[in-house]
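A closer look at the structure
So you can see what is in the structure, the chains are spelled out below.
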There are 2 protein chains.
Amino acid sequence: MNATLSLVSTEDPAPSALDRLLRPRSIVIVGASPQFAKVNGRPLKHLIDKGYTGRIFLVNPKYREIAGIACYPNVAALPESADLAIVALPAREVEACIAALGQRGIVAAVIFSSGFGELGAEGKRLEQSLSACADAHGVLICGPNCLGFVNAFDGVYATFSQYADGDTGAGPVAFVTQSGAFGTAIAALVRQRGLGLGYFINTGNEAGVSFSDLMLAVIEDPRIRVAAGYLEGMRDGPGLIRLAERCTELGKPLVLTKVGRMAAGVRAAASHTGSLAVEDDVFDAVLRQNGVLRARNEEQMLDMLEALCSDRVPEGCGLGIATQSGGAGVMMADRAEELGLEVPALAPQTQAALAKVMPAFGAAGNPVDVTGQFIANPDLLLESVVKLLADPQVHIGIVWLQLMTAHVDLLVNIFCRIRERTDKPFFICWVAAPPEAVRRLRAEGIVVFGAGERAIEAAAALVQYRRTLRVAAERRAERAALAAAVQRATSEVCASFRDGVQPTVQATAWLQAAGVPMAPVALACQGDEAVAAWRELGGQVVLKIESPDITHKTELGGVLLKLNDEVSIRQGFTTLMQRAGAARPDARLDGVIVQSMAAGHLELVIGVKRDPAFGMVLMVGLGGVLVEVLKDVAFRLAPISEAEGLRMLDELRMRALLDGVRGQQAVDRAALAALLSRLSVWAAAMAPRLEELDLNPVLVGPDGPLGVDCVMVFSRVEAS
Amino acid sequence: MNATLSLVSTEDPAPSALDRLLRPRSIVIVGASPQFAKVNGRPLKHLIDKGYTGRIFLVNPKYREIAGIACYPNVAALPESADLAIVALPAREVEACIAALGQRGIVAAVIFSSGFGELGAEGKRLEQSLSACADAHGVLICGPNCLGFVNAFDGVYATFSQYADGDTGAGPVAFVTQSGAFGTAIAALVRQRGLGLGYFINTGNEAGVSFSDLMLAVIEDPRIRVAAGYLEGMRDGPGLIRLAERCTELGKPLVLTKVGRMAAGVRAAASHTGSLAVEDDVFDAVLRQNGVLRARNEEQMLDMLEALCSDRVPEGCGLGIATQSGGAGVMMADRAEELGLEVPALAPQTQAALAKVMPAFGAAGNPVDVTGQFIANPDLLLESVVKLLADPQVHIGIVWLQLMTAHVDLLVNIFCRIRERTDKPFFICWVAAPPEAVRRLRAEGIVVFGAGERAIEAAAALVQYRRTLRVAAERRAERAALAAAVQRATSEVCASFRDGVQPTVQATAWLQAAGVPMAPVALACQGDEAVAAWRELGGQVVLKIESPDITHKTELGGVLLKLNDEVSIRQGFTTLMQRAGAARPDARLDGVIVQSMAAGHLELVIGVKRDPAFGMVLMVGLGGVLVEVLKDVAFRLAPISEAEGLRMLDELRMRALLDGVRGQQAVDRAALAALLSRLSVWAAAMAPRLEELDLNPVLVGPDGPLGVDCVMVFSRVEAS
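Parameters at a glance
Residues numbered from 1 in each chain as written. Chains lettered and ligands numbered in written order. Predicted model: local features only at pLDDT ≥ 70, side-chain atom pairs only at ≥ 80, totals over all residues. Heavy atoms only, no water. Contact = heavy atoms within 4.5 Å. Buried area = accessible area lost by both parts, 1.4 Å probe. Polar contact = N/O pair within 3.5 Å; in protein donor to acceptor, adjacent residues only side chain to side chain. Helix = DSSP H or I, 4+ residues; strand = E, 2+ residues; numbered from the N terminus. Buried < 20%, exposed > 50% of the residue type's maximum accessible area, 1.4 Å probe, protein only. Pairing = 2+ DSSP bridges. Right-handed = clockwise from strand over helix to strand, strands pointing away. Lys, Arg positive; Asp, Glu negative; His and termini not counted. Salt bridge = Lys/Arg side-chain N within 4 Å of Asp/Glu carboxyl O. pLDDT = per-residue confidence, 0-100. Least-squares fit on C-alpha atoms with pLDDT ≥ 70 in both. Axes fitted to C-alpha atoms, helices over the stretch in contact; angles between N-to-C directions. Left-handed = near helix turned anticlockwise from the far one by under 90°. Nonpolar A, V, L, I, M, F, W, Y, C, P; charged D, E, K, R; others polar.

With 62 residues of chain B at the interface, the matching set in chain A holds 62 residues. Across the interface of chain B and chain A, roughly 4,900 Å² is buried in total on both sides, 61% from carbon and sulfur atoms. On inspection of chain B and its partner chain A, the count reaches 18 residue pairs in polar contact (both at pLDDT 80 or more). Among the elements of the structure, α5 (180-192), α10 (298-309), α11 (326-338), β17 (396-402), α16 (452-492) and α20 (625-630) of chain B are those that each provide at least two residues to the side of chain B that touches chain A. It is α11(B) that provides the largest number of residues to the side of chain B that touches chain A, a total of nine residues.

Written as structure tokens, this is what we have:
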């Protein structure tokens, strides 16, 4: 039986360590204090105040009892074992405590203590030692340097977070955060929205269980419907992907916020692909590829959570807007258009139905302007929204209104009746709403926002979530075929590799064998060979210096274009060898590559690089020199299917170029997507050795895409 | 004396109509009602409740008195005249009422009545008639179809807006809105922030005074420090520009929100420049050019207003961040980088000073992580923020914290002390703040936000406002020189024009005379003339069909490139004339243009078009075919200086191309800016006739920019 599944199965006779951690039947507080305002006093206070029903043990040599509960001098003296230990000791005492816990049969601990990895090299050593000790003694640890966690369903308050000071009624949201202070603030905001946190977990330094471990455990709880996470960094890429996949399998949305979107993650890597693959871009692409919703900040996260906690998912991207203000309607329609939602024209039968209930001066289009007349005639609002939502092209509704302090009862009643008469999701956007109205609507489970654009963004997140579920199902169906393709590619590549930059002829042959169209190349070690290669290729050729030590050939004049006679080929060979020798006397020169001149009206950059967290990452960018200027690139984890390749192309801002601009022929997107898929499969197969691969440019002409330059670098294998 | 200046001069013996409207010493309510919940009852209720000190007269044949105030059967029966009339009558009775008001010497009226321009053709006719009647009788009208207005300083409540139901304490913000419902919501949000509205005005259909008229009047009031406006459309471009200029002269920031950012404004105009000049882009550019801050929605407007109401302006764009959470610091630094703020490294003396007060586990960089330790040691927060703000590279500060429900007194006190010890602006960002804390900080005049990114956006708005003041001062200094240049250009252009498309040779000559570098051209009416022109120009030439009826030459094969011998020139002439004749038998063919082939490594589109609201608008875009795909263009109202031309270039997303990418030479930006300025001056001089002008492409080579194709269209002049 899956350990995490047992979390909520009370019949399970042998709960896992993770289960004991998150749903302990007994808790020991090591370093307990009667000073309830202090870090080591707060957990006991919360456990008592909030009515934890399990047994509580205390350890502290200074006290015999605290709040009427017996206090033992040390862990060994405990009368029995416990499921979970809360460790609130100075850093230097923690390791010994963990060993004692293990010896006492206590296999799960949450460690508040700071003074570990966050405190430089000495702290990192201490943390590594702690981690090893925990492993050796079979103790699963959460932390150190964390605020602990709350499991509000079961009254477990293993935390000193300020969040626990207020009301902590359980609810359908699980929130796991790497930041203590910011996480506490977000948890408090979730509470303000009346959403209810089932779990609130601060992971701290993650010396034991990781963010993904904890999130994977809590999403299995059937009382949890939506998962939210706050990240500051991510080392365990595969763990995050497992989490994302499990969330889509369970049909539970996962919303993540990660800070560090800008320069922080930029690499100084020399290669083109490397320098563009800002870590955050890769992270963002991985989320999109795996059906995770990303919230850019805490406000957007809250808005998404509120929308996702409602139990209705739109069947499409058609938005119906009913508003009291024409201007607010325009503002919302603008934002909807920006986010890819549709604000469809209404069907004739909808228009006819609306015309019957609308006053002369309202507009019966979409947005529907219901004006303020519904105060005199409440049915006006009720019927017009019901009819709007009944339109076949409308999949989600937003009702905008403002103030109406004197009419809260009336309006709450109308919105409840609307909900009964439709099964489509709809949000209320109530600007400058009376607080009572917001409270009552939320108590009714009706989603309410305070600003129009935020309501639209939340609607877009719901629509995106629905798309996500569909794509995730497609991906599950493709998974076996992709794995088999990678397996096949792995067995086909049996050549001997050298370290570093691969010979162009070899790299080209591998890619051609993998089904990636590449311009034909030949290596010439002498002028005669260059002339022979030119004759064989036929037509104009390009000559390029070939050396494992030179990757940027153009910069030292190592490329000659459009040669088409014997004399210039022979001269060209000599010129390139001389230039390279002069510019880089240290470089090993293998000779000169002779390649047919390729033509194309569109230029792409396609590459693969190794991301430290996620592994092989595929990149595609449009526009030659503009790739650098505009960073118009899309990323995916390899391998990908052709369908995913098409979605990658759809993310490019300059994608209109693919469709042909100013009378130019449209590009065969399927052929490009096939290239991307095949390259990604090959790269995944080569993952153990491939460091990076750069096809720059890939030219797209009438015969489809063709890679015309290739830099392929393998990692060095250390003698073992 | 300026009429608007008299607004606040109580000694003025003859106030203007606008003054009487906004600051009436007596008010007559026409259509008054004792039912205080109704539209025509509410103004009297508010005037009484809020203590209006002027005289009140009532008109309604149904009543003899209301609330103890005498009620007259009609306007003519009033015992004396009044400054302002509030008209709350059915639409069909309004015009007669206005006439009666004029006859009674009442020269200002606010008209609530709907049923005018907002109700189709019949309503528009009624409104035109009303407007003419008001003019004829010398009555200045605000509305119709408006909620009226509040002048909270003087207790004037000429409104039935819900906003007036709550507390309406006067404050430094003047808010004028074209939308009643949305405007009321925004006014209520301003009140929620504790900012205080001095004026709240709904302009309605603007049959009399316009948005700009009203805003111009209220910004002159010395009690107003910040102006805010909400727009749904803008017909009076020059009025908006006058308003913007007056605001910068007065040093009062103007924040505008305008809905309709997306497709709504797109034209179907055939020409390149026309099709790109989405109206909202022009509007946005005009605001930027004239120092107006644009808020994308009501939340951003409120954030900007709160920041602008504080009396401190940053001296630069250096941001100092003090935070309780490392992650929140990263999130804010990310957003700051996106918005062009700097988060500078701290000076050695600042670092040393911080190290003295910071605990070991805080980070002394920027963002400064002060941790939660300041609860035990309040001086930690106080001293570290003071020292951070004292850094010479820090011009504005943000302090981030969360919850701290138990420490409101302590924290409010610390922030007040910080304010005393620095003269730099700083904001508090307090996430999930206790409401009391927010209330008290705002009462102290300390700016407080609830989310980190919003605090950053507000800081960026303050920095932008400071830049705006500097640019506005520069523009004032340039204004006379630009006007003189336009005057000179006007007197130089004395040729006779034909309607429609101008001959290329003539257009080129005008532009060359105006200092715009253009590739030399000659018109050939026969093959021999084409050959002669080729010999004269020397080197490769391009041939283009010349016809006032053909603007898209390429599409019918009307352009031949790189010709450089007599035979092909002669053939080319014949080919073009035949092709054009075959494709467009109706077109008048003037002959063929012979032009030197120009080379350049960078391609721009530069154009001028007439905007219906603002007049001549200059456009520059980068990237040939990409201009269409990426819409990477910048707009300005003509004329502009060279300095403004440089700012235009700086707005292009692909501006890095100007600096040279991959070893390409940098473009001479000054030469491009000079071209833009000269073209804009010429276009301004030609404003009465010029409809549009398209230089596409302008190629930039080693000798600077050169226009190589030109379409110039003059409007038709009707016989008068």
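Back to the text.
All names here are of chain A. Taking burial as the measure, the five residues of strand β13 (residues 254-258) include five buried ones, the bulk of the element. Judged from the five bridges that link them, strand β12 (residues 226-231) and β13 form a sheet pairing that is parallel. Looking at the pairing, L231 lines up with K258 of β13. Handedness of the β-α-β unit built from β12, helix α7 (residues 237-250) and β13 comes out right-handed. By the bridge criterion, two bridges tie β13 to strand β14 (residues 293-294) in an arrangement that is parallel. Counterpart to L256 in the pairing with β14 is R294.

Attention shifts here to the side chain of A:E298. Inspection of the secondary structure assignment puts A:E298 in helix α10 (residues 298-309). No salt bridge is formed by the buried A:E298. Its closest oppositely charged neighbour is A:R454, at 8.6 Å. When residues no more than four places from it in sequence are discounted, the contact partners of A:E298 are A:F182, A:I186, A:L189, B:M331, B:V431, B:G450, B:A451 and B:G452.

A few words on the confidence of the model for chain A. All names here are of chain A. Predicted confidence across chain A gives a mean pLDDT of 90, with 94% of residues reaching 70 or more. Between residues 264-275, whose pLDDT stays under 50, and residues either more than four places distant or in other chains, the model counts 26 contacts. Taken together, the chains of this predicted complex give a pTM of 0.92 and an interface ipTM of 0.90.

A few words now on the relation of the copies chain B and chain A. The pair of chain copies shares a relation made of a rotation about an axis and a shift along it. After a rotation of 180 degrees and a shift along the axis of 0.1 Å, chain B superposes on chain A with an RMSD of 0.1 Å. Interpreted geometrically, this transformation is the action of a two-fold axis.

All names here are of chain B. Buried residues dominate strand β10 (residues 173-177), accounting for five of its five residues. Of the two faces of β10, the one holding V173, F175 and T177 and the one holding A174 and V176 are both buried throughout. Pairing of β10 with strand β11 (residues 197-202), which is carried by five bridges, proceeds in the parallel orientation. Among the inter-strand pairings, A174 is bridged to a residue of β11, identified as Y199. Two strands pair when backbone bridges link them, and β10 and strand β12 (residues 226-231) are joined in this way by five bridges, in the parallel orientation. Within the sheet, the bridge partner assigned to V176 lies in β12 and is G229.

Further remarks concern the sheet that holds strand β16 (residues 368-369) of chain B. Read across the open sheet, the five strands follow the order β16-β15-β17-β18-β19 (chain B); overall the sheet is parallel. The open sheet has two free edges, formed respectively by β16 and β19 (447-449) of chain B, since each of these has just one partner strand. Both strand β18 (residues 426-431) of chain B and β19(B) contribute to a ladder of three bridges, which runs parallel. The residue bridging B:I428 from the neighbouring strand is B:V448, located in β19(B). Across the sheet, helix α5 (residues 180-192) of chain A is in contact with β17 and β18 of chain B; its angle to β17(B) comes to roughly 65 degrees.

Moving on, we get to the environment of A:G515. By secondary structure assignment, the location of A:G515 is in the loop between α17 (504-513) and β21 (521-524). Sequence separation between A:G515 and A:A674 is 159 residues, and the spatial gap between their C-alpha atoms is 8.7 Å.

Turning our eyes to something else, we now look at the packing of α11(B) against α16(B). Residues and elements named next belong to chain B. At a closest axis distance of 9 Å, the pairing of α11 and α16 adopts a crossing angle of 35 degrees. Helix-helix and strand crossings are classified by hand; for α11 and α16 the assignment is right-handed. Residue-level inspection shows M331, M332, R335 and A336 of α11 in contact with α16, the latter providing G452, E453, I456 and E457. Of the residues contributing to the contact of α11 with α16, the split by class is four nonpolar, one polar and three charged.

Side chains bearing opposite charge may pair, as long as their charged atoms lie close to each other. Enumeration over the complete set of coordinates arrives at 100 salt bridges over all chains. For A:D499, the salt bridge is made with A:R689, and the minimal N-O distance between the two is 2.9 Å. Note that A:D499 is positioned in the loop between α16 (452-492) and β20 (500-501) and A:R689 in the loop between α22 (669-685) and β28 (690-701), a separation of 190 residues in sequence. Among the residues examined, A:D499 registers a relative accessible area of 31% and is labelled partly exposed. Note that A:E566 and A:R570 form a salt bridge whose closest N and O atoms lie 2.7 Å from each other. Here A:R570 and A:E566 lie together in helix α19 (residues 566-583), a separation of four residues that amounts to about one turn. Taking the relative accessible area as the measure of exposure, A:R570 reaches 33% and is therefore partly exposed. Via salt bridges that share partners, A:R193, A:E299, A:D303, A:E306, A:R442, A:R454, B:R193, B:E299, B:D303, B:E306, B:R442 and B:R454 belong to a single interconnected network.

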